[in-house]
Amino acid sequence: MTTLNPRDWPRLPDWLDPHEGHRSPGELNREALERCCMAVAFCLCLAALAPVQLIPFAFAGLLFLAGIASVSLAVLQGDQPLASHLTAWDEAALLFTASLGLRLWLGPIPVS
C-alpha cells in the first residue's frame with residue numbers, strides 16, 4: 001500500500017452500495033447537478049454573512065473555492081473528465097464559470 005494513494009485502499013463491500021457501478025447516466029447526472037446546486041446554495045448562505053456591498057464579491061470567491069473543492073473531489077474519485085455523463089469535473093467547470101462570470105460582471109471591488 002502506497003501512502004495516501006486512494007487507489008490502493010481496500011474496496012468497500014458490495015452490501016454497502018449494491019447499485020455501485022450499475023447506475024444509469026441519468027441518475028449520475030442528477031446526482032452531479034444536486035451536488036452543484038447544494039454547493040451554490042451553501043456559498044450563497046455564507047456570502048449573506050458579509051456586509052451588503054460585498055455579498056456578490058464574497059459569493060464569487062466562495063464559488064471559486066467550491067470549484068477547487070469539486071476538482072479535489074474529481075481527483076479523489078478518479079472521474080474521467082470526458083465521460084458521457086456529468087462528473088465532478090463538470091461541476092467544477094460550472095462553478096468556475098459562474099465565479100468568473102460574476103466577477104467580470106461586477107467589476108473591481110469598491111474601495112471605501
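Note that the structure is predicted; figures quoted are calculated from it, not measured.

Asker: How do you make sense of the packing of aromatic side chains when you look at a structure like this?
Answerer: One pass over the structure, following the stated rule, counts 1 aromatic pair. Centre to centre, the rings of F64 and F96 are 5.2 Å apart; their planes meet at 50°, and the pair counts as tilted. With F64 in helix α2 (residues 55-77) and F96 in helix α3 (residues 88-106), this residue pair connects regions lying 32 residues apart in the sequence.

Asker: Before we go on, may I ask you to explain the environment of G78 in this structure?
Answerer: For G78, the location among the structural elements is in the loop between α2 and α3. Given the relative accessible area of 24%, G78 is considered partly exposed. In this structure the C-alpha to C-alpha distance between G78 and A88, which are 10 residues apart in sequence, comes to 9.6 Å.

Asker: Would you mind showing me how to read helix α1 (residues 25-47) here?
Answerer: Every α-helix winds through 3.6 residues per turn, so residues three or four apart in the chain are directed the same way. Helix length check: α1 (23 residues) gives 33 Å between terminal C-alpha atoms against 33 Å at 1.5 Å per residue, within 8%. Of the residues making up α1, those classed as buried are L28, A32, C36, C43 and A47. Looking at the buried residues of α1, the elements they touch are α2 and α3.

Asker: Is there a simple way to think about the state of the cysteines in this case?
Answerer: Two cysteines whose sulfur atoms are joined by a covalent bond form what is called a disulfide. Within this structure, the stated rule accounts for 0 disulfides. With no disulfide of its own, C43 lies closest to C36 among cysteine sulfurs, the gap being 9.4 Å. Note on C43: relative accessible area 5%, which makes it buried. Here C45 stays unpaired: no disulfide links it, and the sulfur of C43, its closest cysteine neighbor, is 9.4 Å away.

Asker: Looking at this structure, how should I read the nonpolar core?
Answerer: Side chains of a nonpolar character, in soluble globular proteins, are inclined to be buried together. Core analysis: the biggest nonpolar cluster contains 9 residues, these being C36, C43, A47, F59, A60, L63, A66, L95 and L102. Of all the secondary structure elements, the ones that give two or more residues to this core are α1, α2 and α3. Top contributing element to this core by residue count: α2, with 4 residues. Setting aside its immediate chain neighbours within four residues, C36 contacts E91, L94 and L95.

Asker: Explain the pattern of salt bridges here, please?
Answerer: Considering all chains together, one arrives at 4 salt bridges under this definition. Close ionic contact of E31 with R23 constitutes a salt bridge, the shortest N to O distance being 2.6 Å. Look at the salt bridges and you will find they share partners, linking R23, E31, R35 and E91 into a network.

Parameters and conventions
- Residues numbered from 1 in each chain as written.
- Predicted model: local features only at pLDDT ≥ 70, side-chain atom pairs only at ≥ 80, totals over all residues.
- Heavy atoms only, no water.
- Phe/Tyr/Trp six-rings, centres within 6.5 Å; stacked < 30°, edge-to-face > 60°.
- Helix = DSSP H or I, 4+ residues; strand = E, 2+ residues; numbered from the N terminus.
- Buried < 20%, exposed > 50% of the residue type's maximum accessible area, 1.4 Å probe, protein only.
- Expected span 1.5 Å × (residues − 1).
- Contact = heavy atoms within 4.5 Å.
- Disulfide = S-S within 2.5 Å.
- Core = buried A, V, L, I, M, F, W, Y, C linked by side-chain atoms within 4.5 Å.
- Salt bridge = Lys/Arg side-chain N within 4 Å of Asp/Glu carboxyl O.

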